[in-house]
Amino acid sequence: MDALKLWSLSSQPLKHLFRVASSTTTTNLRRPFSHSSSYSRVVLRCCSSTSISTTPANAARAGGRNRRASTSSSTSDRDAVRAIRLKKVEELRSKGLEPYAYGWERTHTANQLQDIYKDLADGEEAKAERDAVSIAGRIVARRAFGKLAFLTLRDDSGTIQLYCEKERLADEQFDQLKAFVDIGDIVGASGSIKRTEKGELSIYVNSFAILTKSLLPLPDKYHGLTDVDKRYRQRYVDMIANPEVADVFRKRAKIISEIRKAVESVGFVEVETPVLQGAAGGAEARPFVTHHNSLGRDLYLRIATELHLKRMLVGGFEKVYEIGRIFRNEGISTRHNPEFTTIEMYEAYSDYESMMNMAEEIVTRCALAVHGTLTVDYQGVEIHLERPWRRETMHNLVKESAEIDFGELSNDLKVAKEVTLKTLGADLDHKDKVSIEACTSIGHLLNEVFEIAVEPKLLQPTFVLDYPIEISPLAKPHRRNAGLTERFELFICGRELANAFSELTDPMDQRGRLEEQVRQHNEKKAAAISETDGANDKRKENDDSYEVTLDDDFLTALEYGMPPASGMNSPTPSPPLPNSRLEPVPETSDHLSDEETTEIIKEERLLGNANPQPATAQPCLKSSLRKPNSDSGAPKQEVLKKRVQWTDFLGKQLVDVREFECSEPEDTDNEDDNRRGCICVIL
């Protein structure tokens, strides 16, 4: 079909595109949509840095054929951009220019220049020899027109404008800038400092060089990188599109540094322990298994650093800690990752009270280092970190929030479950009810109720004390309350920040608890295997089919004697995904009259880089198509179906073709006529 020509990559003149159109006059191009009309609208938006000579007068309204040509994916869009930029790389090299430089000598960063020249007056240029500067970074915005070009350059510190004037640049550099520099390229620029009439501090460029030619397009600057999966998998793109993400990484680095300062100031020594281990211990979690070829045996990626750090106490160290990666082959969520970083520390001759004080010290120091205050806003909730923090037992918190007093319940598990389900029944979903029914002891039931009814409410800093012995196999029995351990977890904003014990040092008690843990796991494993018999060996998503073994060497170490000690572990903060997008850089037309500005806007729209938003138009909700503020002549938004295809005209121009099908076809038997359309060039 003729319409297929619209979707193909073509090097023929742009007029070839419009052969698929009818001879409808250009005047109708500007007419608003009518509810009674049944044409589809196609938007062609130029997106390269080279101007296009086509004007609205060249475009004709078309009665198109069936536009069912397959739409392209974002991958094909990207491939088309890449192909065009590869051509630019070839052209640069043919001109003797290397698009991938070896280095660049820069004198300042963007923020340094903003600070040094903050008092420079509007319209003033600093021309002294000391004001000759050199900078490098990524181009994140570009406006080129006539004999002027404005580029926004971003480096690690911030942004600054490059003011490029044809007469000022040597040789053919200005033409090369317009032809070859795209958003995303990394460039170096040298020149003097000038503040424009509009008040924008700029480098008045004498010379520039493309240091790295970007082959792939950056995310749309008005919408940013919004795909959550892509933001996690391609954090480098996320940091380009959402600069605030890099600030989260910087804050994290500051927090890790402050943690080290806090613990080392009181005598802790940082050590490293093995990642590959013969037995996965120190926590209850599914391990990653790997094979050591030289030893001819399977090894495990560690699920905790605990057991090896305790060996250090046996060996004579009294205060040790490690910040390292942990690997747990379990589910993934916004709160769980198969690999994460923890800090784990142990102090001889102390108990869990000592670790509460240490936790308060670490968190408050980090808050002051990052925010400068102990009052922090978290998602609209004001968190107060002033010491001391609340300390309360798990039993009392459950009694307070869930109105269940486990101290008064008998040891009859069946009765305890009935009371729990009766008390919480109205607030429980199916998953919670199943979890409660699956509890194998009073201690497990208490912890389950705590996680369901209490944990989400712990917004302000709270130490939850004295956990059941069933879920704390490495903690010392409570010195006053049977069935409990000297263990706490710290909660802030409904999330666990730290877990600490008075450490178990009795080797026989420790052996018995670990053996019981293995026995219970093997029972679950046997049940899981029996459930999957005859099902082609498929396992449930969270089954217990993995192996659990005793770390006999750790138990041997305890028999040599470990001093009384307390220990604490905490996952270190991982950079989250803030709700962010790439904000448009303010675009000014410095030193230009109203008439010149009008011409610039026309050319910017041809260039496709500025993406102006006219005051007389508003963005459609599901597309970048502009529609009149008055909807009287436009089809309903929900009936617009978007298709996108990139195509290459004249070997240079990248055109974004977007098609919108209306819901009211003409009353005709010809299916092709039902999809009559127009071709519209937005200028």
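Just so it is clear, the model here is predicted, and its values are computed rather than measured.

Participant: Would you mind showing me how to read the overall build of the chain here?
Facilitator: Secondary structure summary: the chain contains 16 helices and 25 strands in total. When each of the 683 residues of the chain is scored for burial, the buried share is 48%. Accessible surface computed for the chain: about 34600 Å², of which carbon and sulfur atoms make up 48%.

Participant: Whenever I open this one, the pattern of salt bridges confuses me. Can you help?
Facilitator: A pair can form between side chains of opposite charge whenever their charged atoms are brought close. A complete count under the given rule lists 34 salt bridges for this structure. With a shortest N-O distance of 2.5 Å, E516 and R519 are connected by a salt bridge. Of this pair, E516 and R519 both sit in helix α14 (residues 507–532), three residues apart, which is roughly one turn of the helix. On the basis of relative accessibility, which here comes to 31%, the residue E516 falls in the partly exposed class. Residue classification places R519 among the partly exposed positions, given a relative accessible area of 38%.

Participant: For this particular structure, what's the right way to read the nonpolar core?
Facilitator: One broad rule of soluble globular proteins: the nonpolar side chains tend to lie buried together. If you look at the biggest cluster of nonpolar residues, it comprises 32 residues, and the most contacted ones within it are M345, I362, L385, F488 and M568. Of all the elements in the fold, those that place two or more residues in this core are α7 (244–264), β12 (319–327), β13 (339–348), α9 (352–371), β17 (462–465), β18 (487–492) and β19 (495–502). Looking at which element gives the most residues to this core, the answer is α9, with nine residues. Once residues within four sequence positions are removed from consideration, L385 is found in contact with V363, T364, A367, L374, V376, P461 and I492. By size, the runner-up hydrophobic cluster in this structure holds 29 residues, among which are L120, L169, F180 and V187.

Participant: What am I meant to see in the environment of E515 here?
Facilitator: Summarising the element assignment, E515 is placed in helix α14. A C-alpha to C-alpha distance of 8.8 Å links E515 and T549, two positions 34 residues apart in sequence.

Participant: Please explain the confidence of the model for the chain as it appears in this structure.
Facilitator: A low pLDDT means the predicted coordinates there should not be read in detail. Looking at the chain as a whole, its pLDDT mean stands at 76, while 70% of the residues score no less than 70. Counting contacts from residues 577–683, a segment whose pLDDT is below 50, to residues more than four positions away or on other chains yields 325 contacts.

Participant: Any chance you could explain the environment of L313 here in plain terms?
Facilitator: With respect to the helices and strands, L313 occurs in helix α8 (residues 306–315). When the C-alpha atoms of L313 and P564 are compared, they prove to be 9.5 Å apart, with 251 residues separating the residues in sequence. Excluding anything up to four places from it in sequence, L313 contacts E318, V320, Y346, M562, P563 and A565.

Participant: What should I look at first to understand the packing of aromatic side chains in this one?
Facilitator: Aromatic rings considered in pairs are described by the distance between their centres and by the relative angle of their planes. Applying the stated criterion to the full structure yields eight aromatic pairs. Arranged with centres 6.2 Å apart and planes meeting at 45°, the rings of F145 and F150 form a pair that is tilted. For the pair F145 and F150, one class covers both residues: buried. Ring geometry for F450 versus Y467: centroids 6.4 Å apart, planes at 70°, classification edge-to-face. Here F450 is found in helix α13 (residues 442–454), whereas its partner Y467 is found in the loop between β17 and β18, with 17 residues between them in sequence. Of the aromatic side chains, those joined through ring pairs into one cluster are F145, F150, Y163 and Y204.

Procedures and definitions
- Residues numbered from 1 in each chain as written.
- Predicted model: local features only at pLDDT ≥ 70, side-chain atom pairs only at ≥ 80, totals over all residues.
- Heavy atoms only, no water.
- Helix = DSSP H or I, 4+ residues; strand = E, 2+ residues; numbered from the N terminus.
- Buried < 20%, exposed > 50% of the residue type's maximum accessible area, 1.4 Å probe, protein only.
- Areas by Shrake-Rupley, 256 points an atom, 1.4 Å probe, with all protein chains shown as cover.
- Salt bridge = Lys/Arg side-chain N within 4 Å of Asp/Glu carboxyl O.
- Core = buried A, V, L, I, M, F, W, Y, C linked by side-chain atoms within 4.5 Å.
- Contact = heavy atoms within 4.5 Å.
- pLDDT = per-residue confidence, 0-100.
- Phe/Tyr/Trp six-rings, centres within 6.5 Å; stacked < 30°, edge-to-face > 60°.

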